[in-house]
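Structure assessment
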Amino acid sequence: MLRLLPKIGALLRIYMEDSLAYRASAFIWMLTDVVQCLVMPLVWLSAYNGRAALGGYQPGEMVSYYVVMALVSNFITSHLMWDLAWEIKEGILSQWLLRPVPVFWMLFARNISWRLLRMVLFVPVAVLATLYYGRMVHLAPLDLGVWFWVSVLLGHLVSFLIAFALACLAFWLQEAQSVFSLYYAPMLLLSGWVAPIGLMPGWLQGLAFVMPFRYTTAVPVEIAVGKLTGDALWLSLVGQLFWIGMASLLGWFLWRRGIRQYTGVGM
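Structure report, in brief. Note that this is a predicted model, so its numbers are computed, not measured. (Residues numbered from 1 in each chain as written. Predicted model: local features only at pLDDT ≥ 70, side-chain atom pairs only at ≥ 80, totals over all residues. Heavy atoms only, no water.)

Re the overall build of the protein
A count of helical and extended segments in the protein gives 11 helices and 0 strands. Shown N-terminal to C-terminal, the secondary structure of the protein runs as helices and strands in the order α-α-α-α-α-α-α-α-α-α-α. For the protein, the residues scored as buried account for 48% of the 267 residues in total. Here the protein displays about 13,400 Å² of accessible surface, and carbon together with sulfur accounts for 70% of that area. (Helix = DSSP H or I, 4+ residues; strand = E, 2+ residues; numbered from the N terminus. Buried < 20%, exposed > 50% of the residue type's maximum accessible area, 1.4 Å probe, protein only. Areas by Shrake-Rupley, 256 points an atom, 1.4 Å probe, with all protein chains shown as cover.)

Given below as structure tokens:
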């Protein structure tokens, strides 16, 4: 592993430079992904209609929730399965199998450099959104301490490893894109991206707690807005570690089985 560190560092520098070469494209994609999170506070503020709270969320907390969700989702949520599946189908993967860096680390370097750029590009948008909504409601203070950032990193690993496992299905499926599309329906709902999980029906909350999606973006956002503290916080961090382990095992198994039958027919 120590011998790989300089190579991984070189890959990170290369992909960071590549990402910076397409800043406008990254900014457009970033806005496309987070525009709902920036519009949803207006919907919820209308729904309050004079009420002090909804589902335990005060108006300021609801606005803060969506602004933080938009920020962290830019870093946490991984979509690498689309690119990797295409590279498997077209035989481009063969080039990486011949290089001195394992494919997994190449994907990790490529993904995290792109995610970091998108998160940085969103910061001024988050500041503007905070100023705009701050004139309408009193925003709740945020807890952006060490456990928030630990949870952000763990959430990214959960999302990345699940996306990697999904991409490995391309070894067996001629068109895996339909499977990827099905993945987004429960992911967007149970990750807290559409609405805070605490506002959902009890059975849906229970489902969210046993599925991996909550442990991507919902956990760090709930920590930031003060809805996850004490034993519940520790249990959620353990849940993130659990799903990192499960997704790692699944991804490793599918990769080892899939690479044995890979033929690079698209070359």
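Things to note about the packing of helix α4 (residues 80–90) against helix α7 (residues 146–167)
It is at 8 Å that the axes of α4 and α7 come closest, and there the two elements cross at 30°. Overall, the two elements α4 and α7 adopt an arrangement that is roughly parallel. Relative to α7, α4 is oriented so that their crossing is right-handed. Residue-level contacts link Leu 80, Met 81, Leu 84, Ala 85 and Ile 88 of α4 to Phe 160, Ala 163, Phe 164, Leu 166 and Ala 167 of α7. (Axes fitted to C-alpha atoms, helices over the stretch in contact; angles between N-to-C directions. Parallel < 35°, antiparallel > 145°, perpendicular 65-115°, else oblique. Left-handed = near helix turned anticlockwise from the far one by under 90°. Contact = heavy atoms within 4.5 Å.)

Section: the packing of helix α6 (residues 103–134) against α7
It is the contact of α6 with α7, at a shortest axis distance of 12 Å, that shows an interaxial angle of 130°. The pairing of α6 with α7 is recorded here as oblique in orientation. Crossing geometry of α6 relative to α7 is assigned as right-handed. From α6, Phe 104, Leu 107, Phe 108, Asn 111, Ile 112, Arg 115 and Met 119 reach across to α7, where they touch Trp 149, His 156, Leu 157, Phe 160, Leu 161 and Phe 164.

As for the packing of aromatic side chains
The description of an aromatic ring pair rests on the distance of the ring centres and on the angle between the ring planes. Inspection of the entire model under this criterion finds 19 aromatic pairs. Ring centres of Phe 171 and Tyr 262 lie 6.1 Å apart, and the angle between their planes is 80°; on these two criteria the pair is classed as edge-to-face. A residue pair is termed long-range when its members are at least 10 positions apart, and Phe 171 in the loop between α7 and α8 (177–190) and Tyr 262 in the segment after α11 (230–260) qualify at 91 residues. Residue classification places Phe 171 among the buried residues on the basis of a relative accessible area of 10%. (Phe/Tyr/Trp six-rings, centres within 6.5 Å; stacked < 30°, edge-to-face > 60°.)

A short note on the nonpolar core
In terms of nonpolar packing, the biggest core is built from 83 residues, with Trp 44, Tyr 66, Met 81, Leu 84, Leu 93 and Tyr 183 touching the most fellow members. Here the element with the most residues in this core is α7; it accounts for 12 residues. Those residues in contact with Leu 93 that sit more than four places away from it in its chain are Leu 84, Glu 87, Ile 88, Val 103, Phe 171, Trp 255, Ile 259 and Tyr 262. (Core = buried A, V, L, I, M, F, W, Y, C linked by side-chain atoms within 4.5 Å.)

Some points on the environment of Trp 147
Its place among the elements puts Trp 147 in helix α7. Owing to a relative accessible area of 39%, Trp 147 belongs among the partly exposed residues under this scheme. On a C-alpha basis, the gap between Trp 147 and Ile 223 in space is 7.9 Å, while along the polypeptide they are 76 residues apart.

A closer look at the pattern of salt bridges
In total, this model carries 3 salt bridges according to the counting rule given. Across the pair Glu 61 and Lys 227 runs a salt bridge, and its minimum N-O distance is 3.1 Å. Of this pair, Glu 61 sits in helix α3 (residues 59–76) while Lys 227 sits in the loop between α10 (218–224) and α11, placing them 166 residues apart in sequence. Taking the relative accessible area as the measure of exposure, Lys 227 reaches 31% and is therefore partly exposed. The shortest N-O distance in the salt bridge between Arg 214 and Glu 222 comes to 3.5 Å. (Salt bridge = Lys/Arg side-chain N within 4 Å of Asp/Glu carboxyl O.)

As for the side chain of Ser 191
Of note, Ser 191 is situated in the loop between α8 and α9 (202–210). Classification of Ser 191 as buried rests on a relative accessible area of 1%. In this structure Ser 191 touches Met 69, Pro 186, Phe 213, Arg 214, Thr 216, Thr 217 and Ala 218, once residues within four positions along its chain are discounted.

Some points on the environment of Arg 13
Take Arg 13: it is sitting in helix α1 (residues 5–20). Among the residues examined, Arg 13 registers a relative accessible area of 54% and is labelled exposed. Along the sequence, Arg 13 and Ser 113 sit 100 residues apart, while their C-alpha atoms lie 8.4 Å from each other.

Quick look at the side chain of Glu 61
On the accessibility criterion, Glu 61 (15% relative accessible area) is buried. Among the polar contacts made by the side chain of Glu 61, one reaches the main-chain amide nitrogen of Gln 58 at a distance of 2.9 Å. (Polar contact = N/O pair within 3.5 Å; in protein donor to acceptor, adjacent residues only side chain to side chain.)

Notes on a nonpolar patch on the surface
On the surface, Val 35, Val 39, Leu 42, Val 43, Tyr 132 and Met 136 cluster together into a nonpolar patch covering about 510 Å² of accessible area. Per-element tally for the nonpolar patch: the top contributor is helix α2 (residues 23–48), with 4 residues. Structurally, the position occupied by Val 43 is in helix α2. Look at Val 43 and you get partly exposed, because its relative accessible area is 46%. (Patch = residues over 30% accessible without salt bridge, like charges linked within 9 Å, V, L, I, M, F, W, Y side chains within 5 Å.)

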